[in-house]
Amino acid sequence: IVREPFEKEKFNSIHLQDERWIVFINPEHIFSQKTSPKISLRELSGEELIVPTQRIKEIENWFKEKNYKANITCSFAPISNAAALVQQNLGIAIVPESTKLSVSDKNIIIKELEEERTSGVCVIWRKDVELPGVAKSFLKLLSAYANSKK
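Attention here is on the structure that accompanies the text. (Residues numbered from 1 in each chain as written. Predicted model: local features only at pLDDT ≥ 70, side-chain atom pairs only at ≥ 80, totals over all residues. Heavy atoms only, no water.)

1. Quick notes on the nonpolar core
For soluble globular proteins, the rule of thumb is that nonpolar side chains tend to be buried together. Counting residues in hydrophobic clusters, the biggest one holds 16 residues, and the most contacted among them are Val23, Leu44, Leu49, Trp62, Phe63 and Ile94. Ignoring any residue separated from it by four or fewer positions in sequence, one finds Val23 in contact with Ile39, Leu44, Ile92, Ala93, Ile94, Ile109, Ile110, Lys111 and Leu113. One finds Phe24, Ala82, Ala93 and Val95 within the second-largest nonpolar core, a separate group that totals twelve residues. (Core = buried A, V, L, I, M, F, W, Y, C linked by side-chain atoms within 4.5 Å. Buried < 20%, exposed > 50% of the residue type's maximum accessible area, 1.4 Å probe, protein only. Contact = heavy atoms within 4.5 Å.)

2. Details of the packing of aromatic side chains
Overall, the coordinates contain one aromatic pair when judged by the stated rule. For the pair Trp21 and Trp62, a centre-to-centre distance of 5.5 Å together with 80° between the ring planes defines the contact as edge-to-face. You can see Trp21 sitting in strand β2 (residues 11-25) and its partner Trp62 sitting in helix α2 (residues 56-65), a full 41 residues away along the chain. Taken individually, Trp21 and Trp62 each receive the classification buried, so the pair is uniform in this respect. Here the basic side chain of Lys8 rests over the ring of Phe6, its NZ or CZ set 5.5 Å away from the ring centre. (Phe/Tyr/Trp six-rings, centres within 6.5 Å; stacked < 30°, edge-to-face > 60°. Helix = DSSP H or I, 4+ residues; strand = E, 2+ residues; numbered from the N terminus. Lys NZ or Arg CZ within 6 Å of the ring centre and 35° of its normal.)

3. With respect to the pairing of strand β8 (residues 118-126)
Examined bridge by bridge, strand β1 (residues 2-3) and β8 share two bridges and lie antiparallel to one another. Paired with Arg3 across the strands is Val121, a residue of β8. Bridge count for β2 against β8 is nine bridges, and the pairing is antiparallel. When the sheet's bridge partners are listed, Phe11 is paired in β8 with Arg126. (Pairing = 2+ DSSP bridges.)

4. A short note on the pairing of strand β4 (residues 49-52)
Here β4 runs beside strand β5 (residues 72-76); their pairing, made up of four bridges, is parallel. Across the sheet, residue Pro52 finds its bridge partner in β5, namely Phe76. Both β4 and strand β6 (residues 92-96) contribute to a ladder of two bridges, which runs parallel. Bridge assignment links Leu49 to a residue of β6, and that residue is Ile92.

5. Section: unusual backbone geometry
At the junction of Glu4 and Pro5, the peptide bond is cis and its omega measures out at 0° in the coordinates. Tracing the backbone through its elements, the reader meets Pro5 in the loop between β1 and β2. Cis geometry marks the peptide bond from Ala77 to Pro78; its omega dihedral reads 0°. The residue Pro78 is located in the loop between β5 and α3 (81-87) in this model. A positive phi angle, near 65°, is found at Asn67, a position not held by glycine. Its location among the elements puts Asn67 in the loop between α2 and β5. Its relative accessible area of 72% is what places Asn67 among the exposed residues.

By themselves, these observations are geometric and do not establish any function.
Set out below in structure tokens:
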């Protein structure tokens, strides 16, 4: 399971869903006082940002589209490191929404991006590899599930 984009010339895929991006904020940060459940790229442009290592360019482009500058001071992999960095008050993390499932600690404030951004989540497999029958059956089930969500 990967997030788009990926090398489509090398892999077959089944698109499972689009996932929104959100932000993690330390409760001591001034933005934690905002009553709005959303935060804008303009507001984030002046802040130290923590982003997934493989998404630096993509996130920088979100800001460039609005004529803002992304102040990315730290990147992380794996995604689970985002919460730890925010808890240490090293910045504000921009993460996929599913990341909040791994945060049970109340020491993180979660807000949505005002300018909604999404990324596709896909199951992929190499085009040059013949899959066993059970794998093909599993992919058929996934494909039926994905098509039922459209």
